[in-house]
Amino acid sequence: MIKIAILGYGTIGSGVVEVLNTNKESIAKRAGDEIEVKYILDLRDFPGDPMEDKIVHDYDVIAEDSEIQVVVEAMGGVEPAYTFVKRALLAGKSVTTSNKALVAKHGAELIAIAKEKSINFLFEASVGGGIPIIRPLNSSLTADEIEEITGILNGTTNYMLSKMTFEGLEFDDVLKDAQSRGYAEADPTADVEGYDACRKIAILTSLVCGQQVDFEEIYTEGITGITAVDICYAKAMGRVIKLLATSRKTEEGYYAMVAPFLLSSQHPLYSVNDVFNAIFVHGNVLGDAMFYGSGAGKLPTASAVVADIVEIAKHLHKNILISWSSRKLDLIDCKKSQNAFFVRTKDGREQVREIFGDVEFVEAEGISGETGFLTKVMTEEEYQQKASGLENILQRIRVV
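What this report covers is the structure whose coordinates are included nearby. (Residues numbered from 1 in each chain as written. Predicted model: local features only at pLDDT ≥ 70, side-chain atom pairs only at ≥ 80, totals over all residues. Heavy atoms only, no water.)

**Overview of the overall build of the chain**
For clarity, the cut-off: The numbering of helices and of strands both runs from the N terminus, where a helix is a DSSP run of H or I of at least 4 residues and a strand a run of E of at least 2. Radius of gyration: C-alpha atoms only; globule rule: 2.2 Å multiplied by the number of residues to the exponent 0.38. The rule is simple: take the accessible area with a 1.4 Å probe, protein chains only, and divide by the maximum for that residue type; under 20% is buried, over 50% is exposed, in between is partly exposed. Contacts between residues were defined by any pair of non-hydrogen atoms, one from each residue, lying within 4.5 Å. Here the open area of atoms and residues is found with the Shrake-Rupley method and a 1.4 Å probe, where only the protein chains shown may cover a residue. Positive residues here are Lys and Arg, negative ones are Asp and Glu, while His and the chain termini are left out of the count. Positions of charges follow a simple convention, taking NZ of Lys, CZ of Arg, CG of Asp or CD of Glu.
Of regular secondary structure, the chain possesses 15 helices and 17 strands. For the chain, the C-alpha radius of gyration of 23 Å lies close to 21 Å, the compact-globule estimate for 400 residues. Looking at the chain residue by residue over its 400 residues, the buried ones come to 55%. The contacts of the chain with a sequence gap of at least 6 include a subset with a gap of at least 24, amounting to 73%. For the chain, the accessible area works out to roughly 17600 Å², and carbon and sulfur atoms hold 47% of it. Side-chain charges in the chain split into 40 positive and 59 negative, and the spacing between the mean points of these groups amounts to 3 Å.

Put into structure tokens, the structure is as follows:
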């Protein structure tokens, strides 16, 4: 029997218990042994809960129990999760986590400790929730040079943009709706400003290049500036607006970005709506592949965590190699990246042509008193130089 401890009995922690109970027999068969939850660490008591007798309030109980072979970190945030996880690894206990903040900041260090101790630090659920992407990158796609990863990595913002698209609502209205449904937190900053997606693309880029990518160096733009007028223009162009997290390998190196993009109907992520997430991967040998599913939620995320527990159980005292060193990767300045741009401005067509040259003007039903246009493909830097010549830009959205 493999005995585990769960840190945190919130949404994910309780979901892990539910998955372990629901599929107990099949999980034991795949793991090669039964999985038993011995402890659950939480500040709260849970009177009447079936797991009430498992609750402990002191982490030392878990850290010092030699029977515990696997620790599930489901607390969220960097501290005290980092301290607890590091201590567990140093004590020879494998760890799985869904905590993207922890993995983005300390992933390389924790992977190194696990390797030294011949145990494992796994984090499948930290990026795609229930979508498998970490393990495919680390095993199935190792014959490829991954040249691009582009994903819709945040279910909250995708739900909000889908709602704006289908119902013509403004940002503030869809945010209230998302909060009422539990998709958005009371403080939605991490989602709507793109910080959540930023950490996730930092993790994916680190895995692909094998070095530490500092998420704070990734250009990040959220969806707070997207309006119903932008949606009208998108529809007029036969496009949709999605918040994309993108990482590309070029001859000069890697660059990464999080920002809203206008997608054509030919783009593989065009039809990813509601709270669903998807991750598009391009390899130099494989070509294109896409992973699609529930990117968040109690049971989908818990399913990925339990899959890590099974993987750890199958590799007790044997490290699963993850190529992610602490050596820092210097990202290319995103100003060198190339995109077409959709621009809304109060300036007239003549002035637009004078500055941007040959553009495609866009008209949207019910919109007047402004000029909408699509530029040719150019670098971010070139766009900024040209845009400085217009006095009344209302909006700028990248086009892919």
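**A short note on the sheet that holds strand β5 (residues 94-97)**
We count it as follows: In this description, strands pair whenever DSSP reports at least two bridges between them. For helices, the axis comes from a line fit to the C-alpha atoms of the stretch in contact; other axes are also lines fit to C-alpha atoms, and the angle between any two N-to-C directions lies between 0 and 180 degrees.
With parallel pairing, six strands are arranged side by side in an open sheet as β3-β2-β1-β4-β5-β6. A single partner strand is all that each edge strand has here, and the edge strands are β3 (55-56) and β6 (121-122). Alignment of strand β1 (residues 2-7) against strand β4 (residues 68-73), held across five bridges, turns out to be parallel. Looking at the pairing, Leu7 lines up with Glu73 of β4. Relative to β5, helix α4 (residues 81-90) is tilted by about 150 degrees, and along the sheet it contacts β1, β2 (35-41), β4, β5 and β6.

**Structural notes on unusual backbone geometry**
Glu79 connects to Pro80 through a cis peptide bond whose omega is 5 degrees. Its location among the elements puts Pro80 in the loop between β4 and α4. Phi at Ser118 takes a positive value of approximately 60 degrees, unusual for a residue other than glycine. Relative to the elements of secondary structure, Ser118 occurs in the loop between α5 (100-116) and β6. When its relative accessible area of 34% is taken as the criterion, Ser118 is described as partly exposed. Phi angles above zero are rare outside glycine, and Asp274 is one such case at about 60 degrees.

**Brief notes about the nonpolar core**
What counts is decided by this rule: The set of buried Ala, Val, Leu, Ile, Met, Phe, Trp, Tyr and Cys residues whose side-chain atoms join them within 4.5 Å is what this entry labels a nonpolar core.
Within the largest apolar cluster, 116 residues are counted, with the highest numbers of intra-cluster contacts made by Ile4, Val16, Ile62, Phe121, Phe123 and Leu204. Excluding its chain neighbours within four sequence positions, the residues that come into contact with Leu204 are Val127, Ile133, Ile134, Leu137, Ile149, Leu153 and Ile279. Val240, Ala259, Ala278 and Cys334 belong to the second largest nonpolar core, which has twelve residues in total.

**Thoughts on the packing of α5 against helix α11 (residues 195-209)**
Put simply, the test is: Roughly parallel refers to an angle under 35 degrees, roughly antiparallel to one over 145, roughly perpendicular to one between 65 and 115, and oblique to any angle outside these ranges. Left-handed describes a crossing whose near helix is turned anticlockwise from the far helix through less than a right angle; right-handed describes the clockwise counterpart. In this count, Pro and Cys sit with the nonpolar residues alongside Ala, Val, Leu, Ile, Met, Phe, Trp and Tyr, while Asp, Glu, Lys and Arg are called charged and the others, Gly among them, polar.
As a packed pair, α5 and α11 sit with axes 9 Å apart at the nearest point and diverge in direction by 45 degrees. By the criterion of interaxial angle, the relationship of α5 to α11 is oblique. In this structure, α5 crosses over α11, and the sense of that crossing is left-handed. Every residue of α11 that contacts α5 at Lys100, Ala101, Val103 and Ala104 is listed here: Asp196, Arg199, Lys200 and Ile203. Classifying every residue of the contact of α5 with α11 gives four nonpolar, no polar and four charged.

**Concerning the pairing of strand β9 (residues 240-250)**
For β9, the tally of buried residues reaches eight of eleven residues, placing the bulk of the element in the interior. As defined by bridge partners, strand β7 (residues 146-152) adjoins β9 across four bridges and the pair is classed as antiparallel. Looking at β9, one finds that Glu148 is bridged to Arg248. Between β9 and the antiparallel strand that follows it, strand β10 (residues 253-263), lie two residues.

Fair warning: the whole summary comes from geometry, so function is off the table for now.
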